[in-house]
Structure formats: C-alpha cells, structure tokens
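Here are the chains, one letter per residue:
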Amino acid sequence: MMARSRLSSSWTLLFSLAILLGCLVIPGVSVKHENFKKCAQSGFCKRNRALADDVSAKGTSWSSPYELDHTDLHFENGQLKGTILKTVSSPQKVKLPLLISFLESGVARVTVDEEKRINGDIEIRHESQARKERYNDAQTWALIGGLDLSKSATLSAETQDGFTKIAYGPDNSYQAVIRHAPFSVEFQRDGQTHVQFNDKGYLNMEHWRPKVEVPAEGEQDVLGAKEDESTWWEETFGGNTDTKPRGPESVGLDISFPGYTHVFGIPEHADSLSLRETRGGSGNHEEPYRLYNSDVFEYELNSPMTLYGAIPLMQAHRKDSTVGVFWLNAAETWIDIVKSKADTQTHWFSEAGQLDVFVFLGPSPREISKKYGELTGYTQLPQQFAIAYHQCRWNYVTDEDVKEVDRNFDKYQIPYDIIWLDIEYLDDRKYFTWDPLTFPDPISMEKQLDESERKLVVIIDPHIKNQDKFDISKEMKSKGLATRNKDGDIYEGWCWPGSSNWIDCFNPAAIKWWISLFKYDRFKGTLPNVFIWNDMNEPSVFNGPETTMPKDNLHHGNWEHRDVHNVNGITFVNATYQAMLERKKGEIRRPFILTRSFYAGAQRMSAMWTGDNQATWEHLAISLPMVLNNGISGYPFAGADVGGFFHNPSKELLTRWYQTGIWYPFFRAHAHIDTRRREPYLIQEPFRSIITQAIRLRYQLLPAWYTAFHEASVNGTPIVRPQFYVHPTDEAGFTIDDQLYLGSTGILAKPAVSEEATSVDIYIADDEKYYDYFDYTVYQGAGKHHSVPAPMEKIPVLMQGGHIIPRKDRPRRSSGLMKYDPYTLVIVLDKNSQAEGSLYVDDGETFDYQRGGYVHRRFHFDGSSLVSEDIATPGPQTAAYQKTIASVHVERVVVVDPPKEWQSKNTVTVIEDGAKASSTASLEYVVQGDGKAPYAVVKNPNVGIGKTWRIEF
Ligand SMILES: *[C@@H]1O[C@H](CO)[C@@H](O)[C@H](O)[C@H]1NC(C)=O
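Further remarks concern the overall build of the protein chain. Scanning the protein chain from N- to C-terminus turns up 15 helices and 52 strands. Here the protein chain has a C-alpha radius of gyration of 29 Å; the compact-globule value for 953 residues is 30 Å, and the two agree. Its C-alpha atoms give the protein chain principal-axis dimensions of roughly 95 × 70 × 55 Å. Counting contacts in the protein chain only where the partners sit at least 6 residues apart, residues at least 24 apart contribute 72% of the total. Carbon and sulfur atoms provide 49% of the accessible area of the protein chain, an area that totals close to 32,900 Å². Charged side chains of the protein chain number 102 positive and 126 negative; the gap between the two group centres comes to 4 Å.

Below you can see the structure in the form of structure tokens.
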C-alpha cells in the first residue's frame, strides 16, 4: 500500500482528517516527480556525472589521480593487499586501502576503503554520533557465504612493469590485470578482457575533508576546475535539509563490458529487461537508473526512477558469454549506461560507504545465478501454500467478511489458499492488535480457514504508533530500540498510525524484542496458520524527504541512515523471519513473509511484489519484464498485484491479468480500498469461469512450480525465465521480455496483455516442435514468431518437445487438500522421441527436507520406455517421509506425439521396483487432425510417485 503523497507538516492535519473520514482520494495517474530527486537534484549524482563529462571532454589529456603504491603490495592466501594513493593536490595524497580477494568460486572481489585519520582533519559536527568510518556492514545483511579464498590463485608476473597480474578461477583460466598508475583492473577469461574497472577514469572516492567555514578562494581540484562544493555539507530538497556531518564521501567507478551489447538486472525499475542507455538520445533515458528504496507513488513506466527495492547486480550478455558485477553498497546508488558499437560502459556511484564490487566471469547466465547465490543465498524453499493463489484487498473489513469470502470461493469452486488483511484489521493502526469492533473473533476466522488448509496473512509494518498508552510503543522507546534522529533523540515521523516511531532492526536487542512480540501469547488472536506481510519498510515516511527517512537519522552503531538506507528494509524482514521461526518452541514451520522493500539477500527470507501498480494494460505488460528481471537477479519469488492496485480494471483486463498472474511465482490479487470488490466469483460470466480456469491451471501445475522453486533454492535459477536465459546463444531473443519459461519444464507462456487481443506471437528459438498446452497444436520453425490463438478464454502456452511435466489434475479448494492427490505425467517428445523431466516433493511445511525428508525423481523417456529414478540424497528423514506418500500414485501418463506404431497397441507393461511381478495398464491412442499432434494415454499405471519404476510401451 502506498504513501498517499508526501505531506509537509501543514498537511498532517488534513491527513488525519482523511483517515478519520475514511475518504482517501484516488490521485491522478502520474507519479509526483517533484517528490523524487533527479540526478541534478542530488549532490553526489551531479558531481559524479560532471566528473564523467569532464573526463570525457579532456580525453587523453587527463589522467586519473589514483595510483597503486607498488612498493607496498602483498599477495597472500588468495588476496592482494595494497594502498591506492589519491593525489588530492600535490603533494597531498589520501591513502585508500585496497583488498582484492580471489574466491574459491572464481569470483573476484575488489574492496577499497579510506584510511581512518585521527589527527583531527575530519571535523564531525555531532561528535558522539554519526560514525566516522565508511560503512562496511552491508555484507552482514546481504552475504551468507561463498567467501572462501582461492588456494590456487597465483601472482603470475612481477610488479616491475607497472602491472600486477593474478591468475585465478577454474584451472587459473581467469586473470586480473591490475595497472598501477593510474589504477585500473581488467578481468580476463581465456585471455580475453570481459570486465574493466576505471578504464574510462571515472574512479572517484570523495575523501573526507575538514569543513572550512569560508571556502578557500579558487581552491582547485585535480581536474584543475573549481569543485562544486555547494552540496558538500548540506543539501535541501523539497523543504527538507539533509545535514552531512562527514561531508562529501561518495564512491564512483566506471565498469565496462567490452564486446557486450546487452546489460540486464539492477532491479527494481519499471522498465524493459534489456537496460537502456541513460545519457539521452532517441529511445534512451536521460536519467541514470536509480537505486534508493522508496515508496514511489503512482509509479511511472519505462523509467529508470527508483522503486521499492534494490539489487545492485548487473549482468552483461552476448552470444557466447555472460559476465556480471555485484556492487555491494547500501547507500543511494545511481548507474549510468552508455553503449558504443560493441561495448557497454556503465558508471556506478553511491553516496557513501566503501567501494566493494564482485566480478563474475560466467560464462553463462546459470553460473551467474549460482555464484551470486553462493554469496547472497538462494531462495528460501517456501511452504507449498505460498506458491498457490493469494486473495488480498485493502481491506476485508470484518472477520465475518473474511469468512464470507472464504465461503464464496467454495461456493463457486474457485481454489485459493491464503486470504490477506491490510491495515484496517488493526485497532487504531497499532500493530499486534485487532480492531475489537470489526475483528472481535480472529481465532474463529482462522479456524474456519484452517478447515480447508487455508492461511491468513496480516500486515505488520516497521512504524509503531507513537502513543504512551500503547504498550509496544512504550517498550520500544524505553528500551532504546527505535531509530534516532540526527540529534540522537527518538525519530518521529508520519505514517499510517499518524505520529510514529521506527524500530531499528540493525540493533540485535531490537530483533530480540521483535521476536518476543510474535509469540502466540503476546500476539493474541493468531494461530499457526497466520503469516506476515512486511510493508512500508523502505521505510515509507509520509512527511519525510522523498517519502522516506532523513539521511542523517542514526541507527544502531551510530551509522547514518545514509549509509544503510537500501538494506534497512531487509533488516526488518530478517527480524520478522526470525520471529516467525520462534513463535513457539518445537513448532518449526517455514516462515512466509512478503516484503515490499528489498536488497540482495532478501530472497532467503521472503517473497516480494512490485508494489502499488495500476489497473491499466501498460501496468499489466510491464509486470512481465519486472518479474523476469527479479528472477535473473537472484530474487525470483516475485509477482505483481493481479488486477492492478489502483483503479477498477475492466472485466477483460482483470481476466487477462489472472491469465498472466498465474505465471508469477508470487500470485496474489490485490486492490486499493477505493476500488470496487473484484473477488473472482463476483465477476460476471463468462469471465468468472475463464478466471476460474486460469487459477485451476496454476493449481494443476503446482508440482511443476514447486519443483522449479526447489531448483531456485539449490542453484539460484529463476523460477520463470526470460528468453536469453534459456537460449543464451540466440541473439534474436535477447531483448524478448514478454514471454517466459516455467523452470526447466519447457513450458513457454506468452500472456495476452493488450486489449481485444485474439492472438499472440510467440517467439521460438530452436527447431524443436512446440505443442499447444491444451490441444497439442504443433508449432515449429526456429528464429521466428508464431501466431498462437488467444481468444479471451484461451491462455497462450506451449510445451517444448523433450520434456516431462508433472501435474495434479483434480480440482480442489486449496493446495493443502491436494497433498495426497495422484499425479499426471505429460511426456512431450522431442525430435528424437526422447523426453526428460523431474519432480521434487516434500511435506511443504517443515524443514525436514533439510534432513532428507523429500522425494526427488528424474523421469526419462528413451523412445520405448518411461523410467522414474531416484536423484535424492537420502538423510535421516527419508524413510519417514517416503512412508507418508507411499499411497500417492501416478494416475495418468499422457504421451504427446507418440510413435505411429503405438496405434496398434492397447497395453503397456509396468514394472515397479520391489513388486513381485510386472503388471499391465491400458493405452489409448488418439488421432487428431487440423495441425494437432496425436497423443496416447496410459490409464492408471498405478506406480508410486516416490518409487523406482519403468513403463514399457
Ligand atoms: C538475519 O541476520 C542475521 C545477522 O544479524 C544472520 O545471522 C541471519 O542469517 C539472517 N537471517 C536470514 C534468514 O538471512
């Protein structure tokens, strides 16, 4: 849910009135640009861009003032240590400690810090407060491993010739070439340079300097130009003044990808998957891509503007190679992108902190996913229910309302798993309470949901109503657990409850306290089927600068908010995650948390959604590249509000949105408080039935979805994948971001996202046959678009030949009720009559899978027999889990485009491991005309899903 608009203090009265009257004005359709900074309104952005312009203008007559002190270089245990000297003005040099770590994984990490000077030359106004150090703790929140140092990396040449070269990576086939003066680094793979640091010379570490009250006349910088000091010590935007006790301290660097024409990543932006140039020109952006987590009101499309979350991971891609960089910095960050003929040059700058960059040399997108995940963690394997359909709106207004909605889904036989409560369930907007008038009996509501294995999600935000008689407010303040303002007092701002304070989850004591609030005896009215939505955690502050916290606020450890802003949101999710684990001793279930704000690492704890979108066709369309981009950036559990949050969708738009939303890993409908009710059963026919069919398709494919989630949880692959990721050598597909592949299943969907569509053009990269999911119409022909019918009632989706897709075909009320349902396997043969697939199943709730409590099968069809083989790694829980699903069978095998000879067959032979004798099952061969492939159905082969078996055709 959104901040209504930024409110100056004179607006606060109006705002409280609006709440009192419950009259929330639906605002206009365009973002309030004046609320958010453009580069020219951000001091450090302007300075770094100006530097880039100056350097470019000077060309070869300019040399970067950074040089490596070659007399002081040490290479040991996979790390190169040294000092970069920045010439400030002759003879003054600033020392910047450099550490280049070569990791066992083949990833290189370059860290540049600034020497802490204690001789008084850095003047800090708030002596005992803002910490005089470059923030180096983003890793605590973002990283969980992958930092083992390489044992084989070697110094491969002497340092005399002005270069230091280190061989590293697999078989030492990578090389880092470090030039001493000016300092630059080239990262090579197999003798070719793929990534360059400071090749353009934009490296910039604004060193700390004393504040001189009257700026020296004509003081010159290294460029020989007068530096723009106007925003060094103070900066005002929209009536808010940001004081900067440490002065200017931004870090900037150019990172070039020679030979690469596409770059992807750096979510979150409402833009195409392939990132655009940012220095103007036709079709390009004028502004750099910005990463500064914000509650952007009515966000704009095809824009580099910042949104709610930030993942500073970028990958560069070309026909035969993918490489990437991860810029680990929690401060406000901007990224310029410029492309020349065959190269992409990027320019990164952050307001504060260390320079800390990881370099991945690929060579494929999968390796980027894998290596990045080793560092920041993989997607938490969610509970089964979490990947089913979520029903949300602002708001279900009473507990009776919730029960009624629940009954209606059953009445109309529409499956759903989770119903959500937005802020109106609260007593006076106080978290951990229930409105006594509208939600007098939450327990009976939760019990009713539990009868069909359904769940409730309630919203809990980081702003705590500032009220003495509210025990949680009192505790937080008296224990010193709130974020402080620049003067060290408890920070107060405006949010949903009116005057609020913010929990500071950087503080371990705050996390401990937060955990205590979720215990069942403390958070009254909650049962184990209640889960949590963390919203507004950018944090959103209605009367704050850019709708967030002042940058000079202080967090635990005296770090400024400036230093930590982009990780702030995940510290709150982390605390909630731990709280959900510890609700009750002995009752350990996988937490489910939805977060709006995120940073690298959030995938370990939560799902995300793209925030407050609008009920327009354009917003529907942009949701695909946004979700895909999150997927390739390590955070695939992503979705957009189905139906659009603001405004009322037409029936057609709503229906198309469901048909699209079933392909989001996180599939939730949501709506603004001022919109009309739009639960699917309220929509008139034929739309109701069409939406029902779409949701049922999601449920039918839940086994495939869960398997894809499992894959993401062990190797970081996206759950839905863009074209370039699946076909990395097919250049014509690199910019395609409106069709997607579900995991490794070969399912290729292209939702219809325009009004009155009757067909879509699906791009096929290879010469395999692709089959319509529903009627097996064949599409074949590499490197071109194929028109696939998409009348209202039809979801355009194909299956690539060569795959085996697990399904559950019996419609149920919820996924929980499908747990022991039998499976259908769909075998789609490739050109050589082969197919392969896999299935991962576990209890869908606990962590037993970590001790072997799961089933993992590989299915293979070799032309004449279908085999199920075990690919699990057994553990102490394996046998116990196997037992629970001993009775779960395969009830149907469908073979699409089977050999013609099968027409004369009536039976197949079934051989199950451990069975005394083989058995037979019936085979039916169905011929279709009209471009539709024939198919064969094996009825009830009756093999156990967890067993090893073979079916001979
Ligand atoms: C939460 O943060 C702590 C560090 O404060 C870390 O040890 C823990 O692994 C984090 N939890 C998750 C799920 O990432």
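The sheet contact formed by strand E3 (residues 79–89) and strand E4 (residues 92–102) spans 10 bridges and is antiparallel. By the bridge assignment for E4, lysine 86 is matched with valine 94. What sits between E3 and E4 in their antiparallel hairpin is a turn of two residues. Alignment of E4 against strand E5 (residues 108–112), held across five bridges, turns out to be antiparallel. Directly across from serine 101, in E5, lies its bridge partner arginine 109. Hairpin connection, E4 to E5: the antiparallel pair is bridged by five residues, and glycine 106 has positive phi, about 95°.

Our next topic: helix H11 (residues 651–661). Each α-helix winds once per 3.6 residues, and so residues spaced three or four apart point in a common direction. H11 sits mainly inside the fold: 10 of its 11 residues count as buried. Buried residues of H11: Glu652, Leu653, Leu654, Thr655, Arg656, Trp657, Tyr658, Gln659, Thr660 and Gly661, and no others. At its buried positions, H11 is contacted by strand E22 (389–391), helix H10 (617–632), strand E34 (667–669) and helix H12 (687–700).

Further remarks concern the packing of helix H8 (residues 508–517) against helix H9 (residues 561–581). H9 packs onto H8 with a crossing angle of 45° between their chain directions and a minimal axis gap of 8 Å. As the angle between them shows, H8 and H9 are arranged oblique. Crossing of H8 against H9: the hand is right-handed. In this structure, H8 uses Ile511, Trp514 and Ile515 to contact H9, whose residues at the interface are Phe572, Asn574, Ala575, Thr576, Gln578 and Ala579.

Around the ligand, the structure places Trp141, Asn574, Tyr577, Gln578, Arg604 and Met605. A distance of 2.3 Å separates an oxygen atom of the ligand from a polar atom in the side chain of asparagine 574. Here an oxygen atom of the ligand sits 2.9 Å away from a polar atom, N or O, in the side chain of arginine 604. Its free accessible area being 360 Å², the ligand has 61% of it covered by the protein chains.

Read from one edge to the other, the open sheet built from six strands follows the order E35-E36-E37-E42-E39-E40, with strand pairing classed as antiparallel. On the outer flanks of this sheet lie strand E35 (720–721) and strand E40 (778–779), each paired with one strand and no other. Taken together, the two bridges between strand E39 (residues 770–772) and E40 define a ladder with antiparallel strand orientation. Paired with tyrosine 771 across the two strands is valine 778, which belongs to E40.

This part is about the packing of aromatic side chains. Using the criterion set out here, one finds 56 aromatic pairs in the structure. A centroid spacing of 5.5 Å and a plane angle of 25° characterise the contact between tryptophan 327 and tryptophan 348, whose relative ring orientation is stacked. With a gap of 21 residues between them, tryptophan 327 in strand E18 (residues 321–327) and tryptophan 348 in strand E20 (residues 344–350) connect regions that are remote in the sequence. The class for tryptophan 327 is buried, based on a relative accessible area of 1%. Relative to tyrosine 840, the ring of tyrosine 706 has its centre 5.8 Å away and its plane inclined at 35°; by these criteria the two rings are tilted. With tyrosine 706 in helix H13 (residues 702–715) and tyrosine 840 in strand E45 (residues 835–842), this residue pair connects regions lying 134 residues apart in the sequence.

Looking now at the confidence of the model for the protein chain. For the protein chain, per-residue confidence averages 93 on the pLDDT scale, and 94% of positions sit at 70 or higher. When the criterion is pLDDT under 50, residues 4–28 qualifies, and its contacts beyond four places in sequence or with other chains add up to 38 contacts.

Another aspect to go through is empty space enclosed by the protein. Applying the stated rule across the entire model yields 11 cavities of 30 Å³ or more. If you add up the space inside the largest cavity, you get close to 350 Å³. Considering the residues around the largest cavity, the lining is formed by 27 residues, among which Gln384, Ser815, Lys819, Asp842 and Asp843 are closest to the centre. Sorting the residues of the lining of the largest cavity by element identifies H13 and E45 as the ones contributing at least two each. Element by element, the count of residues in the lining of the largest cavity is highest for E45, at four residues. Taken together, the residues that form the lining of the largest cavity break down as 14 nonpolar, five polar and eight charged.

Turning our attention to the pattern of salt bridges. Taken as a whole, this structure holds 58 salt bridges when the rule is applied. One salt bridge in this structure joins glutamate 332 and arginine 290, with 2.8 Å as the shortest N-O distance. Of this pair, glutamate 332 sits in the loop between E18 and strand E19 (333–339) while arginine 290 sits in strand E16 (residues 289–291), placing them 42 residues apart in sequence. Residues glutamate 332 and arginine 290 agree in their burial class; the two are buried. Ionic pairing is found between aspartate 848 and arginine 851, a salt bridge with its closest N-O pair at 2.8 Å. For aspartate 848, a relative accessible area of 24% translates into the label partly exposed.

About the thresholds
- Residues numbered from 1 in each chain as written.
- Predicted model: local features only at pLDDT ≥ 70, side-chain atom pairs only at ≥ 80, totals over all residues.
- Heavy atoms only, no water.
- Helix = DSSP H or I, 4+ residues; strand = E, 2+ residues; numbered from the N terminus.
- Rg over C-alpha atoms; globule rule 2.2 N^0.38 Å.
- Contact = heavy atoms within 4.5 Å.
- Areas by Shrake-Rupley, 256 points an atom, 1.4 Å probe, with all protein chains shown as cover.
- Lys, Arg positive; Asp, Glu negative; His and termini not counted.
- Charge placed at Lys NZ, Arg CZ, Asp CG, Glu CD.
- Pairing = 2+ DSSP bridges.
- Buried < 20%, exposed > 50% of the residue type's maximum accessible area, 1.4 Å probe, protein only.
- Axes fitted to C-alpha atoms, helices over the stretch in contact; angles between N-to-C directions.
- Parallel < 35°, antiparallel > 145°, perpendicular 65-115°, else oblique.
- Left-handed = near helix turned anticlockwise from the far one by under 90°.
- Near = heavy atom within 4 Å.
- Polar contact = N/O pair within 3.5 Å; in protein donor to acceptor, adjacent residues only side chain to side chain.
- Phe/Tyr/Trp six-rings, centres within 6.5 Å; stacked < 30°, edge-to-face > 60°.
- pLDDT = per-residue confidence, 0-100.
- 1 Å grid on protein atoms, 1.4 Å probe; cavity = no way out; pocket = protein on both sides within 12 Å on 5 of 7 lines; lining within 4 Å.
- Points joined across faces, edges and corners; volume = space filled by probe spheres on them.
- Nonpolar A, V, L, I, M, F, W, Y, C, P; charged D, E, K, R; others polar.
- Salt bridge = Lys/Arg side-chain N within 4 Å of Asp/Glu carboxyl O.

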